[in-house]
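Close look at the chain arrangement
Read off the chains here:
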Amino acid sequence: MTVHGKNKWIRNSRLANTLIFCVNRNIPVISRMLMIVLHCDIFCRLPKSTYLPHPYGIVIHSNSQIGEGVVINHQVTLGGRDLTAESPNIGDRVYIGAGAKILGGISIGEGASIGANAVVTKDVPAGVTVVGANRHLSKESFYV
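Residues numbered from 1 in each chain as written. Predicted model: local features only at pLDDT ≥ 70, side-chain atom pairs only at ≥ 80, totals over all residues. Heavy atoms only, no water.

Here's the deal with the side chain of Ser87
Among the structural elements, Ser87 can be located in the loop between strand E5 (77-79) and strand E6 (89-90). Assessed through its relative accessible area of 11%, Ser87 is described here as buried. For Ser87, the side chain forms a polar contact with the main-chain oxygen of Asn63, separated by 3.0 Å. Looking at Ser87, its side chain comes within polar contact range of the main-chain nitrogen of Ser64, at 3.1 Å. Ignoring any residue separated from it by four or fewer positions in sequence, one finds Ser87 in contact with His61, Asn63, Ser64, Gly104, Gly105 and Ile106. (Helix = DSSP H or I, 4+ residues; strand = E, 2+ residues; numbered from the N terminus. Buried < 20%, exposed > 50% of the residue type's maximum accessible area, 1.4 Å probe, protein only. Polar contact = N/O pair within 3.5 Å; in protein donor to acceptor, adjacent residues only side chain to side chain. Contact = heavy atoms within 4.5 Å.)

Describing the pattern of salt bridges
One pass over the structure, following the stated rule, counts two salt bridges. Taking the shortest distance from any N to any O, the salt bridge between Glu110 and Arg93 comes out at 2.7 Å. Taken together, the positions of Glu110 in the loop between strand E9 (107-108) and strand E10 (113-114) and Arg93 in the loop between E6 and strand E7 (95-96) put the pair 17 residues apart, joining distant regions of the chain. You can call Glu110 partly exposed: its relative accessible area is 39%. Owing to a relative accessible area of 36%, Arg93 belongs among the partly exposed residues under this scheme. (Salt bridge = Lys/Arg side-chain N within 4 Å of Asp/Glu carboxyl O.)

Brief notes about the sheet that holds E9
In spatial order, the strands read E3-E6-E9; together these three strands make up an open sheet with parallel pairing. Whereas interior strands pair on both sides, the edge strands pair on one side only; in this sheet they are strand E3 (65-66) and E9. Summarising the sheet, E6 and E9 pair through two bridges and their orientation is parallel. When the bridges of E9 are listed, Ile90 appears paired with Ile108. (Pairing = 2+ DSSP bridges.)

Here is the structure:
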């Protein structure tokens, strides 16, 4: 099992590692079956160092860019806001809480934290914590 560098409780299960492996190598039948079982749609390449502690209900747009060491919890959506091909660009070591929605062609800075059930539609600077609807907290993120 892969364990996160800052938080030893964040780790990938065998199922999450298998899903990342199949998605990155474009193994259509197995990856699609795993996505059906997990109720998720992941259409972009994920770095090997991506953490999916609970890989259920995750939706990621095919044009999304995801950095190294990103933690994506369950029920997260990374997608567009309208019919354009714009999608989020996630920096390195970003923590995305359960149920967060990151929408549109925005950038999430390195080491940022997105709170659970947050809706993010504006750029997030590096090391900032975001909660609610685009509300930036003054406290620096733990994951910087």
